[in-house]
Amino acid sequence: MTSRRSIAERVIARASARGAPVDADAEFMAIVELWVAGDIEADEMRDRYNALLAHRSRSKRNLGLTSDFSPEMSEATIVQASDEPADEATV
């Protein structure tokens, strides 16, 4: 069985290789650390991340900084999409 830490490291490495480093995002990494520690499950990690993205989007709209492309969308795709075997995805 693969540890949550190794799964997170592998996903972060793939994101960086694709040009979307997520480890520079302290708020996201705090959510990942809760999952790695076993304090939350994957579905709650996803929900918290989606809430973070929604908050950022609202903040940008309030500041008039919206655009058609949002870097957070690529991160959301990375977090929600998984090409891992089912046993790792449910850890």
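Figured I'd write up the structure that's included with this text. (Residues numbered from 1 in each chain as written. Predicted model: local features only at pLDDT ≥ 70, side-chain atom pairs only at ≥ 80, totals over all residues. Heavy atoms only, no water.)

Quick look at the overall build of the protein
- A tally of helices and strands in the protein yields five helices and zero strands.
- Mapped from its N terminus to its C terminus, the protein presents α and β elements in the order α-α-α-α-α.
- Burial analysis of the protein (91 residues in total) assigns 30% to the buried set.
- When contacts within the protein are restricted to residue pairs at least 6 apart in sequence, those whose partners lie at least 24 apart make up 56%.
- When the accessible surface of the protein is split by element, carbon and sulfur atoms take 55% of a total near 5,800 Å². (Helix = DSSP H or I, 4+ residues; strand = E, 2+ residues; numbered from the N terminus. Buried < 20%, exposed > 50% of the residue type's maximum accessible area, 1.4 Å probe, protein only. Contact = heavy atoms within 4.5 Å. Areas by Shrake-Rupley, 256 points an atom, 1.4 Å probe, with all protein chains shown as cover.)

Things to note about helix α2 (residues 26–37)
- Compared with an ideal rise of 1.5 Å per residue, which puts twelve residues at 16 Å, α2 spans 16 Å between its outermost C-alpha atoms and is within 8% of the ideal.
- Listed in full, the buried residues belonging to α2 are F28, M29, I31, V32, W35 and V36. Seen end-on, α2 carries its buried residues on one side only, within an arc spanning 155°. Those residues of α2 that are exposed and angled more than 90 degrees off the buried face are A26 and A37.
- Its side-chain oxygen at 3.2 Å from the backbone nitrogen of E27, D25 defines the N-terminal cap of α2.
- In the segment just after α2, G38 is the residue with positive phi, at about 85°. (Expected span 1.5 Å × (residues − 1). Arc of directions from axis to C-beta. Polar contact = N/O pair within 3.5 Å; in protein donor to acceptor, adjacent residues only side chain to side chain.)

Some thoughts on helix α3 (residues 42–63)
- Taking 1.5 Å of rise per residue, 22 residues should cover 32 Å, and α3 covers 31 Å from first to last C-alpha, within 8% of that figure.
- Within α3, the full set of buried residues consists of M45, Y49, L52, L53 and R56. For α3, the angular spread of buried residues about the axis comes to 95°, placing them on one side. Turned more than 90 degrees away from the buried face of α3 sit R61 and N62, all of them exposed.
- Following α3 by one or two positions, G64 adopts a phi angle in the positive range, close to 75°.

In short, geometric facts, not functional conclusions.
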